[in-house]
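Structural features, examined
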Amino acid sequence: MSRRVRQRRRKSKAAQPPLKAIWRSNIDDHPIGLAWSPDNNSLAVAGVSGPITLYKSADGAVQHKLPGHSFDTMAISWRKDSRRLASVGQDGKARLWDAESGAQLAEMTGGASWVERVAFSPAGDWLVTAAGRKLRLWNSSGELIREYPDANSTITDIKWRYDGKQFAISAYNGVWLYEPLEAQPLRRFEWQGSTLTLEWSPNGKYIATGDQDSTVHFWITASGKDLQMWGYETKVLELAWSFNSRYLATGGGTQVVIWDCSGKGPANTRPMMLEGHQRFIKHLSFQRRGALLASGGNEGLLAIWKIRKNKPALLADAVFKAPIAGLAWSPNDRCIAVADESGTLSIAAVNAS
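Below you will find a few notes about this structure. (Residues numbered from 1 in each chain as written. Predicted model: local features only at pLDDT ≥ 70, side-chain atom pairs only at ≥ 80, totals over all residues. Heavy atoms only, no water.)

Time to look at the overall build of the protein. A count of helices and strands for the protein gives zero helices and 30 strands. Against the compact-globule benchmark of 20 Å for 353 residues, the protein has a radius of gyration of 19 Å, which places it among compact chains. Overall, the C-alpha framework of the protein stretches about 55 × 50 × 30 Å when taken along its three principal axes. The buried share of the protein, reckoned over its 353 residues, is 57%. (Helix = DSSP H or I, 4+ residues; strand = E, 2+ residues; numbered from the N terminus. Rg over C-alpha atoms; globule rule 2.2 N^0.38 Å. Buried < 20%, exposed > 50% of the residue type's maximum accessible area, 1.4 Å probe, protein only.)

A separate point is the sheet that holds strand β3 (residues 42-47). Pairing within the open sheet is antiparallel, and its four strands lie in the order β2-β3-β4-β5. Looking at strand neighbours, the two that pair on one side only are β2 (31-36) and β5 (62-66), the edges of this open sheet. Going from strand to strand, the sheet's axes swing by 15° on average, the running direction of each strand aside. The sheet contact formed by β3 and strand β4 (residues 52-56) spans five bridges and is antiparallel. Considered in β4, the bridge of Leu 43 is made with Tyr 55. (Pairing = 2+ DSSP bridges. Axes fitted to C-alpha atoms, helices over the stretch in contact; angles between N-to-C directions.)

Looking now at the pairing of β5. The pairing of β4 with β5 spans four bridges and is antiparallel. Considered in β5, the bridge of Tyr 55 is made with Val 62. From the end of β4 to the start of β5, which pair antiparallel, there are five residues, and Gly 60 there has a positive phi angle of about 85°.

Time to look at the packing of aromatic side chains. Applying the stated rule across the entire model yields nine aromatic pairs. Arranged with centres 5.1 Å apart and planes meeting at 65°, the rings of Tyr 148 and Tyr 178 form a pair that is edge-to-face. Here Tyr 148 is found in the loop between β13 (144-147) and β14 (157-160), whereas its partner Tyr 178 is found in strand β15 (residues 167-178), with 30 residues between them in sequence. Take Tyr 148 and Tyr 178: they sit in the same class, and that class is buried. Residues Tyr 206 and Trp 241 carry aromatic rings whose centres are separated by 5.8 Å and whose planes lie at 15° to one another, so their mutual orientation is stacked. (Phe/Tyr/Trp six-rings, centres within 6.5 Å; stacked < 30°, edge-to-face > 60°.)

Further remarks concern the pattern of salt bridges. A pair can form between side chains of opposite charge whenever their charged atoms are brought close. Per the stated rule, a full pass over the model turns up 13 salt bridges. With its nearest N and O atoms 2.3 Å apart, the salt bridge here joins Arg 79 to Asp 81. A relative accessible area of 34% means that Asp 81 is categorised as partly exposed. A salt bridge links Lys 93 to Glu 107, with the nearest nitrogen and oxygen atoms 3.8 Å apart. One end of the pair, Lys 93, is in strand β8 (residues 93-98); the other, Glu 107, is in strand β9 (residues 104-109), and 14 residues separate them in sequence. On the basis of relative accessibility, which here comes to 45%, the residue Glu 107 falls in the partly exposed class. (Salt bridge = Lys/Arg side-chain N within 4 Å of Asp/Glu carboxyl O.)

Here the focus is the sheet that holds strand β7 (residues 84-89). Strand order in the open sheet formed by four strands is β6-β7-β8-β9, with antiparallel pairing between adjacent strands. Pairing within the sheet leaves two strands with one partner each, and these edge strands are β6 (73-78) and β9. Across the sheet, the mean angle from the axis of one strand to that of its neighbour is 20°, orientation sign disregarded.

Now for the side chain of Asp 91. Position of Asp 91 among the secondary structure elements: in the loop between β7 and β8. Reaching out from Asp 91, the side chain makes a polar contact with the side chain of His 69 at a distance of 3.0 Å. Separated by 3.5 Å, the side chain of Asp 91 and the backbone nitrogen of Ser 70 make a polar contact. Excluding its chain neighbours within four sequence positions, the residues that come into contact with Asp 91 are His 69, Ser 70, Phe 71 and Ser 113. (Polar contact = N/O pair within 3.5 Å; in protein donor to acceptor, adjacent residues only side chain to side chain. Contact = heavy atoms within 4.5 Å.)

What follows covers the environment of Arg 146. Tracing the backbone shows Arg 146 in strand β13. Relative accessible area serves as the criterion here: at 25%, Arg 146 is assigned to the partly exposed category. Along the chain, Arg 146 and Asn 298 lie 152 residues apart, while their C-alpha atoms are 39 Å from each other. Aside from chain neighbours lying at most four places away, what touches Arg 146 is Leu 135, Arg 136, Leu 137, Pro 180, Leu 181, Glu 182 and Ala 183. Side-chain polar atoms of Arg 146 contact the backbone oxygen of Leu 181, separated by 2.9 Å.

Counted residue by residue, β4 has four buried out of five residues, so it is predominantly covered. The turn linking β3 back onto β4 is made up of four residues, and Gly 50 within it adopts a positive phi angle of 135°.

Listed below in structure tokens is the structure:
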């Protein structure tokens with residue numbers, strides 16, 4: 001189904017409260033990872049050259065500067081208790097850090113020269129890493145529990161289901177589902193194409209993927225039935241689900257495209273279209289329990305949208321001096337962290353009323 005109808009952006013001064021700046025800093029590097037600790041107290045920012053900076057989220061004070069990885073850091077992930085941070089990099093290692101002391105707790109070998117993906121389970125008891133085709137499971141102390149059979153191609157993403165009982169990986173030709181302690185995949189959703197990223201809906205019922213051929217694929221996990229959305233301007237790397245699993249926001253162009261997955265799902269429906277970006281969208285992030293969606297673009301524009309059925313509204317926007325490199329809502333949904341490619345990190349409060 002192609003995107004044919006554009007939803008006009010609706011503006012009113014009363015509906016656009018400004019963002020309230022809390023603090024700003026600069027890591028003097030290109031940010032590659034941005035993650036708020038689950039307890040709301042810390043913000044981790046990984047630079048592409050390796051170091052990871054931990055900030056106090058309240059005032060921007062630097063808690064620790066972790067050495068990260070000797071080449072480039074690729075990804076970071078917090079454990080649920082906020083006491084440990086995992087990172088992976090181009091040195092072929094995964095590392096565990098003590099967020100309170102800044103000490104390295106464990107160093108794990110990823111199985112290839114680059115370790116590109118890392119994800120703690122929702123409960124924090126498991127950690128999964130991906131390095132090329134290598135997929136490995138660790139406990140929360142960094143001990144290797146299982147090495148799975150090689151994937152058929154480079155693993156492009158890892159995401160856990162909300163309950164931690166399964167995780168999904170994406171690679172060429174689709175998505176594979178795993179139970180942590182089972183050696184073989186539990187299930188496979190096949191598709192003849194290059195899958196770049198995946199997002200599991202918060203209720204676990206759907207998996208969406210962004211694809212190299214400018215499409216979005218959508219699976220109903222219980223039945224395995226799938227849909228495909230096309231008409232995007234470029235490959236799709238940006239996906240975000242609303243907390244209630246109703247809306248799937250996608251990038252793949254200069255407009256935010258939002259599919260309504262309620263009822264019978266998005267089949268044969270037309271999406272909402274949010275206009276405002278002049279260049280391609282780079283990041284999308286829904287609030288954890290609210291109706292606000294943040295979008296960041298290559299022109300440096302940050303936009304905050306309130307998503308309601310057929311009535312999306314722009315609440316606030318701000319322009320940064322470089323393309324947006326990362327977005328992260330605070331766990332309490334009151335603030336948004338934004339990093340741009342110059343290394344600028346900004347924390348702002350958002351008033352949704």
